[in-house]
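Listed here are the chains, written in short residue letters.
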Amino acid sequence: MSTHFGDLLDNARRQRFVGRDREVAGFDDTLHGRSPRRVLFVHGQGGIGKTTLLLEFRARARAAGRTVVQVDGRDVDPSPEGMQTAVRLALDPQRGDSPIAQLLTGAVLLVDGYEQLTPIDGWLRNEFVPGLSADNVVVLAGRDPPTVPWRTDPGWRHLVAVHRLDHFDPAESGELLAHAGVEPPVRPHLVTLGRGHPLTMALLADLAATGEVPDTLADAPDLISALLESFFREAPSEAHLTGLATCAIAWLTTEDLLRQLVGAEAPAVWQWLARRPFVTVSPRGLFTHDLARDVLDAEFERRSPERCRSYRWIIQAHAVAGLRAAAGPDRQPHAQQLHFLLRNSPLSSAISALRAQGSTAVVSARPDDHDQVCSIIEQFEGPASAQLARAWLSEQPEHLSVVRTGDGIAGFTQHLLCPSGSVLEDRDPVVRAVLDHVAREGPTRPGERVDIARFFAGAREHQRDLYAVLAGNVSSIIEWLTRPLAWSFVVTVDIEYWAPFFDYMAFVPMAETNVGGLRHVVYGIDWRRVPVDAWFGLMRDRGHSGETGPPPAALVRPPPLDRTGFGAAVRTALQTLHRPDQLATNPLIDSALAATPTGPKAAQLRATIENAVTCLGNVPKGDQLRAVLHRTYLRAAPTQEAAAEILDLPLSTYRRHLAKALEQLTDLLWTVEIGDLHPPEQRLDSR
């Protein structure tokens, strides 16, 4: 039987694993039935070694022939459905849709980041865990100790063991250093410096391998900074250094992402990163310890700001492409990646605070969430707004996104897609004001929609709530990148707080009205004049420059062509396809057909048109349409008569086919223009 890299990685970790004798002994007793304990709680501060201990548990369980199911609370919607979905995803999909308890028979369930699952602690305690088989073992690891019922209920007290992880004692610290190959004379000094903190000790061990050991380090941030300096020096190649930068910049690093940055060296770089003591390997990819990430990011920015900018663009483009290719819940990691990349915005403090408490899932709402959402709206905005929200939820419930915590709905955003034909578009004063502005300043074209983030709030601090920020940002990123939108608008009643952020976003105030005596201000953007991909580039740049205000003039396109003008421009472009100077003056140069991350290009316009001609061959009877266009414009015959002769068609038939081909080509290109199609050529210059 072949050995996987993961097995080698586990073996290497086990060889360097030290300490935690009490916890390991307790787990072994539970695993082999020598103890009545079935649930183990492991808790302690960040970097104390919880994840490392879970990896040791996983290796021991597998060595004993047990199935291991590993879940990270940061990736789970804290609801019963979310937890069950996460468990199913962690299991072999081939095992079908049997009940969870049946699928988990005999398995060891390891849950990291348990503090993120506080909202369903009661359900896990009262329903999920009691429903498992008696031979299951459950390990819950988090920063917080277990809630009181786990420790006081007579039944659970018999079945639960609680382990608080403390710093290593000097002997354990010395053992860790010895396993890491640190020479004996150096160990006492490093033990003193590390103060028994496992992450710090691991970093010190790596630093000692370089032969450079600091004399004194005042505090943890300075310590980490000095230690991480060694990783810049010891990176085996430029590709490994790029991988290190990727881990610092990205919220989540996957091997696919690394391949975008280092090409064929991605597997080797992945393996090297996975062995770094400040990197955690999760089912979704690589996560970097927050403290290490902050120091690495700052150091890379200081050393090579231009290179960092290029890396951020590649990471952003990869996330955008992944989001557009995904569906449903699979979009969330890509949206979280993009949300994380905005951490230098005016809301950076909010994003940092959310990072400190872990990544919280933003998910589609359920019908039973509606009452609490409307209650929050009524509390902060009054009954008139609550009534409108309830009416909109009855018509467009699929566009409500929520974040759940222990008290239920912690934050939400309700998007509306218009025009919908609903009478609510006239009844809701805010929506009416938005659509009046659109009709006056830039009417929608066939196939285009208007997105309105009509309601957003958090349960505690309304529109200043961290969860309102999270729900609003993540849900908006998904809406803006996956729909053919002409406009996007966000409605706020907390203008003082949000105005600086909208200024940063290049969203400008476009409408204002009152609902229930409360002032509502609408900020918006016309995506046809500032394409969403170019907008993300602007956000990346503003994160460094600190600039705010309307979009720069160089980024703004002229008003969009209507369908008739677009068709005429396509015909003109075909006639000048091989004349870059004339293509550059075609009205389509300001359309999505010519857009690249660095601005419109005639070469991109030509590539998009040529690709669309090729795509016509995929429609029924499309080969002849493609051939007609090819001989008329791409490899043009001298005259139409000559083209008809080459194609062996009567002239009248040729002209009939040409008219139909032009019509279908224009239809296809129109879907690109309104954002409903993103052919590969549209992203050729994404780097």
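Residues numbered from 1 in each chain as written. Predicted model: local features only at pLDDT ≥ 70, side-chain atom pairs only at ≥ 80, totals over all residues. Heavy atoms only, no water.

1. Some points on the packing of aromatic side chains
Line of reasoning, step 1. Tallied over the full model, the rule gives 22 aromatic pairs.
Line of reasoning, step 2. Residues W251 and F287 carry aromatic rings whose centres are separated by 5.4 Å and whose planes lie at 80° to one another, so their mutual orientation is edge-to-face. Here W251, found in the loop between α13 (238-249) and α14 (255-262), pairs with F287, found in strand β7 (residues 285-288); they are 36 residues apart in sequence, far enough to count as distant. With respect to class, W251 is no different from F287; both count as buried.
Line of reasoning, step 3. Each residue in the set F456, W480, Y497, W498, F501, F502, Y504, F507, Y523, W527, W535 and F536 is aromatic and connected to the rest through ring pairs, giving one cluster.
Line of reasoning, step 4. Above the face of the W150 ring, R125 is positioned so that its terminal group lies 5.9 Å from the ring centre. (Phe/Tyr/Trp six-rings, centres within 6.5 Å; stacked < 30°, edge-to-face > 60°. Helix = DSSP H or I, 4+ residues; strand = E, 2+ residues; numbered from the N terminus. Buried < 20%, exposed > 50% of the residue type's maximum accessible area, 1.4 Å probe, protein only. Lys NZ or Arg CZ within 6 Å of the ring centre and 35° of its normal.)

2. Here's the deal with the sheet that holds strand β5 (residues 160-164)
In sheet architecture, strand pairing relies on hydrogen bonds along the backbone and comes in two forms, parallel and antiparallel.
Line of reasoning, step 1. Ordered in space as β2-β3-β4-β1-β5, the 5 strands form an open sheet in which the pairing is parallel. The outermost strands of the open sheet, each flanked by one partner alone, are β2 (68-72) and β5. On average, each strand axis in the sheet is tilted by 15° relative to the strand beside it, whichever way the strands run.
Line of reasoning, step 2. Bridge count between β2 and strand β3 (residues 108-112): 5 bridges; the pairing is parallel. Bridge pairing links V71 to V111 in β3. (Pairing = 2+ DSSP bridges. Axes fitted to C-alpha atoms, helices over the stretch in contact; angles between N-to-C directions.)

3. Some remarks on the environment of A457
Line of reasoning, step 1. By the secondary structure assignment, A457 is in strand β11 (residues 449-458).
Line of reasoning, step 2. Residue A457 is classed as buried on the basis of its relative accessible area of 1%.
Line of reasoning, step 3. Separated by 12 residues in sequence, A457 and V469 place their C-alpha atoms 8.2 Å apart.
Line of reasoning, step 4. In this structure, A457 is in contact with I376, A410, G411, F412, H462 and A468, ignoring residues within four places of it in sequence. (Contact = heavy atoms within 4.5 Å.)

4. Points about the confidence of the model for the protein chain
Line of reasoning, step 1. Per-residue pLDDT for the protein chain averages 85, and the proportion of residues at 70 or more is 88%.
Line of reasoning, step 2. Every residue in residues 680-687 scores below 50 in pLDDT, and together they form 21 contacts with partners more than four places removed in sequence or on other chains. (pLDDT = per-residue confidence, 0-100.)

5. Quick word on the nonpolar core
Line of reasoning, step 1. If you look at the biggest cluster of nonpolar residues, it comprises 74 residues, and the most contacted ones within it are L338, W480, M505, F507 and W535.
Line of reasoning, step 2. The element contributing the most residues to this core is helix α24 (residues 466-482), with 10 residues.
Line of reasoning, step 3. Contact partners of L338, with chain neighbours within four places excluded, come to Q316, A319, V320, L323, I477, L481 and F536.
Line of reasoning, step 4. Counting 38 residues, the second-largest nonpolar core is a separate cluster that includes V373, I377, I452 and F455. (Core = buried A, V, L, I, M, F, W, Y, C linked by side-chain atoms within 4.5 Å.)

6. Considerations on the sheet that holds β11
Line of reasoning, step 1. Strand order in the open sheet formed by 7 strands is β8-β9-β10-β11-β12-β14-β13, with mixed pairing between adjacent strands. The two strands at the open ends of the sheet, each matched to only one other strand, are β8 (363-364) and β13 (508-515).
Line of reasoning, step 2. Alignment of strand β9 (residues 400-405) against strand β10 (residues 408-418), held across 6 bridges, turns out to be antiparallel. Its bridge partner lying in β10, V402 is registered against F412.
Line of reasoning, step 3. Strands β11, β12 (485-492) and β14 (518-526) of the sheet are contacted by helix α25 (residues 495-505), whose axis makes an angle of about 10° with β14.

7. Re the pairing of β14
Line of reasoning, step 1. A large share of β14 lies buried, amounting to 7 of its 9 residues.
Line of reasoning, step 2. Summarising the sheet, β12 and β14 pair through 6 bridges and their orientation is antiparallel. Along β14, the bridge assignment pairs F489 with G524.
Line of reasoning, step 3. Bridge analysis of β13 against β14 gives 7 bridges, and the strand direction is antiparallel. Across the sheet, the residue bridging to T513 is H520, located in β14.
Line of reasoning, step 4. Between the antiparallel neighbours β13 and β14 lie 2 residues, among them G516 with a positive phi of about 60°.

8. Re the pattern of salt bridges
Line of reasoning, step 1. Under the definition given, this model contains 35 salt bridges.
Line of reasoning, step 2. Among the ionic pairs, R307 bridges to E238, the shortest N-O distance being 2.3 Å. Here R307, found in helix α17 (residues 305-325), pairs with E238, found in helix α13; they are 69 residues apart in sequence, far enough to count as distant.
Line of reasoning, step 3. With relative accessibility at 36%, the residue R307 sits in the partly exposed group.
Line of reasoning, step 4. Owing to a relative accessible area of 44%, E238 belongs among the partly exposed residues under this scheme.
Line of reasoning, step 5. For R432, the salt bridge identified is with D426, shortest N-O distance 2.6 Å.
Line of reasoning, step 6. One connected set of salt bridges, linked through shared partners, spans R445, E448, D526, R528 and E673. (Salt bridge = Lys/Arg side-chain N within 4 Å of Asp/Glu carboxyl O.)

9. Some thoughts on the pairing of β7
Line of reasoning, step 1. Sheet analysis places strand β6 (residues 279-282) next to β7, joined by 4 bridges and oriented antiparallel. Each residue of the ladder has a partner; that of V279, found in β7, is T288.
Line of reasoning, step 2. Hairpin remark: β6 followed by β7, antiparallel, with 2 residues in the connecting loop.

10. Points about the packing of α24 against helix α26 (residues 532-545)
Line of reasoning, step 1. It is the contact of α24 with α26, at a shortest axis distance of 10 Å, that shows an interaxial angle of 140°. The angle between α24 and α26 places the two elements in the oblique class. Every residue of α26 that contacts α24 at I477, W480 and L481 is listed here: V532, D533, W535 and F536.
Line of reasoning, step 2. A class-by-class count of the residues in the contact of α24 with α26 yields 6 nonpolar, no polar and 1 charged. (Parallel < 35°, antiparallel > 145°, perpendicular 65-115°, else oblique. Nonpolar A, V, L, I, M, F, W, Y, C, P; charged D, E, K, R; others polar.)

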